[in-house]
Amino acid sequence: VAKYIGASCSSEHYGYYIGGAPHTGDIQKQSHTNDSSCVKIGDMSGNIYVAYSGGWSAPNDLFVSRPYDSNIHKISLASDTSSTHHANLYSTTYTGGSAHTSSQTHGYVSGGHQGGASNVIESFTFSVDAGGVDHGNLTVAREQVTGQQY
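Residues numbered from 1 in each chain as written. Predicted model: local features only at pLDDT ≥ 70, side-chain atom pairs only at ≥ 80, totals over all residues. Heavy atoms only, no water.

Caption draft 1: View of the sheet that holds strand β12 (residues 133-142). Across the sheet, which stays open at both edges, the four strands sit in the order β9-β10-β11-β12 with antiparallel pairing between neighbours. Looking at strand neighbours, the two that pair on one side only are β9 (99-102) and β12, the edges of this open sheet. Each neighbouring strand pair of the sheet contributes to a mean axis angle of 20°, computed without reference to strand direction. Where strand β11 (residues 118-125) and β12 come together, five bridges link them in antiparallel fashion. Residue pairing for β12: S123 is matched across the bridge by V133. (Pairing = 2+ DSSP bridges. Helix = DSSP H or I, 4+ residues; strand = E, 2+ residues; numbered from the N terminus. Axes fitted to C-alpha atoms, helices over the stretch in contact; angles between N-to-C directions.)

Shown next as structure tokens:
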């Protein structure tokens, strides 16, 4: 089934596609080392619909948020299973169109649409279930932006 506007993340050997439209909370993975189709490995916790979302890649886990709430969901790379709740973003407003970037220790959300273009940068740590914090500001408010992983 064709999907669009979902989240994506990657590990060293796999690409992950989460949610998308038509309405789904599927978590799928696809090998980077051979020509193969995606395989469903789980669902987002609560089988939530994931669209216009962003993802972060960390060394041992993947993280996903959706723009309609402040929940950050964690997907373990070791277990290939459904997501669990990790923490909440600092912002509780709509965060669609924001850039999702990461270092090896933190995830970042920058810009997006929060009642208009946003200049907010927030971060959260991958290692503990701590919430997001205000990290700083972009020099210019931006929306419909994209990000890169470490």
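Caption draft 2: The nonpolar core, seen in detail. Core analysis: the largest hydrophobic core is formed by eleven residues, namely A7, C9, Y16, I18, I27, I41, M44, V50, L62, V64 and I75. Sequence-distant contacts of C9, defined by excluding residues within four places in its chain, comprise G15, Y16, I18, G55, W56, S57, L62 and F63. (Core = buried A, V, L, I, M, F, W, Y, C linked by side-chain atoms within 4.5 Å. Buried < 20%, exposed > 50% of the residue type's maximum accessible area, 1.4 Å probe, protein only. Contact = heavy atoms within 4.5 Å.)

Note that all results are geometric; they support no functional claim without further evidence.
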